[in-house]
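# Observations on the three-dimensional arrangement
The lines below spell out each chain.
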Amino acid sequence: MIEQWLIDLAWMIAKILAVVVPLLIAVAYLTLAERRVIGFMQLRKGPNVVGPFGMFQPFADALKLMAKETILPAGADKVVFIIAPMLTFILALVAWAVIPFDAGLVLADINVGILYLFAISSLGVYGVIMAGWASNSKYAFLGALRSAAQMVSYEVSMGLVIINVLICVGSLNLSDIIEAQRDMWFALPLLPMFIVFFISTLAETNRAPFDLPEGESELVAGYFVEYSSMSFALFFLGEYANMILMSAMTTVLFLGGWLPPFDFAPFTWIPGPIWFVLKIMLCLFVFLWVRATTPRYRYDQLMRLGWKIFLPFSLIYVVLTAGFLMAFDKLPVIGG
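What you see is a predicted model, and the numbers here were worked out from it, not measured in a lab.

## Remarks on the overall build of the chain
The number of helices and strands found in the chain is 11 helices and zero strands. Each helix and strand of the chain, ordered N terminal to C terminal, gives the series α-α-α-α-α-α-α-α-α-α-α. A compact globule built from 336 residues should have a C-alpha radius of gyration of about 20 Å, and the chain, at 21 Å, falls within 12% of that. If one aligns the C-alpha atoms of the chain with their principal axes, the spans along those axes are about 65 × 55 × 50 Å. Across the 336 residues in the chain, those meeting the buried criterion constitute 47%. Excluding contacts between residues fewer than 6 apart, the proportion of contacts in the chain whose partners are at least 24 apart in sequence is 77%. Measuring between centres, the 19 positive side-chain charges of the chain sit 11 Å from its 22 negative side-chain charges.

Right, dumping it as structure tokens:
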């Protein structure tokens, strides 16, 4: 009995590492991709010295951060100060437990996967609040308050967008959501909601043009201004891991997950996980594209967009989607 328990534990750890290790490598190279893509968009080269084509730049950055001293501000709450970046980074990893990479290829195929994802993404605000409060700095605290208000505001519209998808599927299981898109990706019939969801993910991850919590011009980097060394690196990694997670959520909910765009050769010859990764890369490229081309919103514009435009629009669309499905007798039975 004990031997079987150890075998099951070892197998579970191996599966977790099979997800986490490629994710960490992807986060490292996403930082390089961002600098290269924005460099090309601004007609400059970006990092291209460390290794061939600058491929070793992320590892050089990691070594530099690990070699630096971790500075704890004298007035900081040291325990909360250290826990905050760890919490942010851990939450960005544990959400991947329910993301399906292919049919049956998922760590935990639970029936309420979408609720689990939404809960984990909502908890991310705690790491930011803890960092801003524990730093004992006015700039950090203002950045944390901005981030908390921003993330809560856009989670409301994200939740209503997800309800549109769930009405069409009749299941909270992520694999069922992907299978329901076998004939048509939800990005087409739910195009307005797809756009609202993607813009909300930009705000949820504090990315440009909604990077108000990190407003360098007035808050000097915001909630992590007092962090250095690996504690800063954990915030940095957590932000990029959240970008990849939000791109994966967009892929699952609207872009058909592992399903190919057309159900005939040669598209069907490409394995499902490859399609899944390619779609995530496409979403991440749009993240970088938006950062390179759009100016930062004012805070009042950010809040008006979330509460006065996205919230009523997504709420009206829920009514329209449910009404359309009922009128044509297409409303699925939950659990049926």
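## Overview of the packing of aromatic side chains
Counting across every chain of the model gives 22 aromatic pairs. When the centroid spacing of 5.1 Å and the interplanar angle of 90° are considered together, the rings of Tyr223 and Phe224 count as edge-to-face. Considered together, Tyr223 and Phe224 belong to a single accessibility category, that of buried residues. Counting every residue linked through ring pairs, the aromatic cluster contains Phe81, Tyr223, Phe224, Tyr227, Phe232, Phe235, Phe236 and Tyr240.

## A short note on helix H2 (residues 57-67)
By the burial criterion, the buried members of H2 are Gln57, Pro58 and Leu65. Around the axis of H2, the buried residues are gathered within 100° of arc, so they sit on the same side. Seen from the buried face of H2, the exposed residues on the opposite side, beyond 90 degrees, are Leu63, Met66 and Ala67.

## Looking at a nonpolar patch on the surface
On the surface, a nonpolar cluster with roughly 660 Å² of combined accessible area is contributed by Trp5, Leu6, Leu9, Ile13, Leu17, Val21 and Ile25. Following the sequence through the fold, Ile25 ends up in helix H1 (residues 2-41). In this structure Ile25 comes out as partly exposed when scored by relative accessible area, which is 45%.

## What to know about empty space enclosed by the protein
One pass over the full model with this rule turns up one cavity of 30 Å³ or more. Looking at the largest cavity, its volume works out to about 250 Å³. Taken together, 20 residues make up the lining of the largest cavity; nearest its centre are Thr88, Gly124, Met151, Glu204 and Asn242. When residues of the lining of the largest cavity are traced back to their parent elements, those giving at least two are helix H3 (78-94), helix H4 (113-134) and helix H9 (229-254). The greatest single-element share of the lining of the largest cavity, amounting to six residues, is contributed by H9. Grouping the amino acids of the lining of the largest cavity by side-chain chemistry returns 10 nonpolar, seven polar and three charged.

## Re the packing of H9 against helix H10 (residues 272-293)
At a closest axis distance of 9 Å, the pairing of H9 and H10 adopts a crossing angle of 120°. Relative to H10, H9 is oriented oblique. Seen from above, H9 lies across H10 with right-handed handedness. Residues Tyr240, Met243, Ile244, Met246, Ser247, Ala248, Thr250, Thr251 and Val252 of H9 lie in contact with H10, whose contacting residues are Phe276, Lys279, Ile280, Cys283, Leu284, Phe287, Leu288 and Arg291. For the contact of H9 with H10, the class distribution of residues is 12 nonpolar, three polar and two charged.

About the cut-offs
Residues numbered from 1 in each chain as written. Predicted model: local features only at pLDDT ≥ 70, side-chain atom pairs only at ≥ 80, totals over all residues. Heavy atoms only, no water. Helix = DSSP H or I, 4+ residues; strand = E, 2+ residues; numbered from the N terminus. Rg over C-alpha atoms; globule rule 2.2 N^0.38 Å. Buried < 20%, exposed > 50% of the residue type's maximum accessible area, 1.4 Å probe, protein only. Contact = heavy atoms within 4.5 Å. Lys, Arg positive; Asp, Glu negative; His and termini not counted. Charge placed at Lys NZ, Arg CZ, Asp CG, Glu CD. Phe/Tyr/Trp six-rings, centres within 6.5 Å; stacked < 30°, edge-to-face > 60°. Arc of directions from axis to C-beta. Patch = residues over 30% accessible without salt bridge, like charges linked within 9 Å, V, L, I, M, F, W, Y side chains within 5 Å. Areas by Shrake-Rupley, 256 points an atom, 1.4 Å probe, with all protein chains shown as cover. Salt bridge = Lys/Arg side-chain N within 4 Å of Asp/Glu carboxyl O. 1 Å grid on protein atoms, 1.4 Å probe; cavity = no way out; pocket = protein on both sides within 12 Å on 5 of 7 lines; lining within 4 Å. Points joined across faces, edges and corners; volume = space filled by probe spheres on them. Nonpolar A, V, L, I, M, F, W, Y, C, P; charged D, E, K, R; others polar. Axes fitted to C-alpha atoms, helices over the stretch in contact; angles between N-to-C directions. Parallel < 35°, antiparallel > 145°, perpendicular 65-115°, else oblique. Left-handed = near helix turned anticlockwise from the far one by under 90°.

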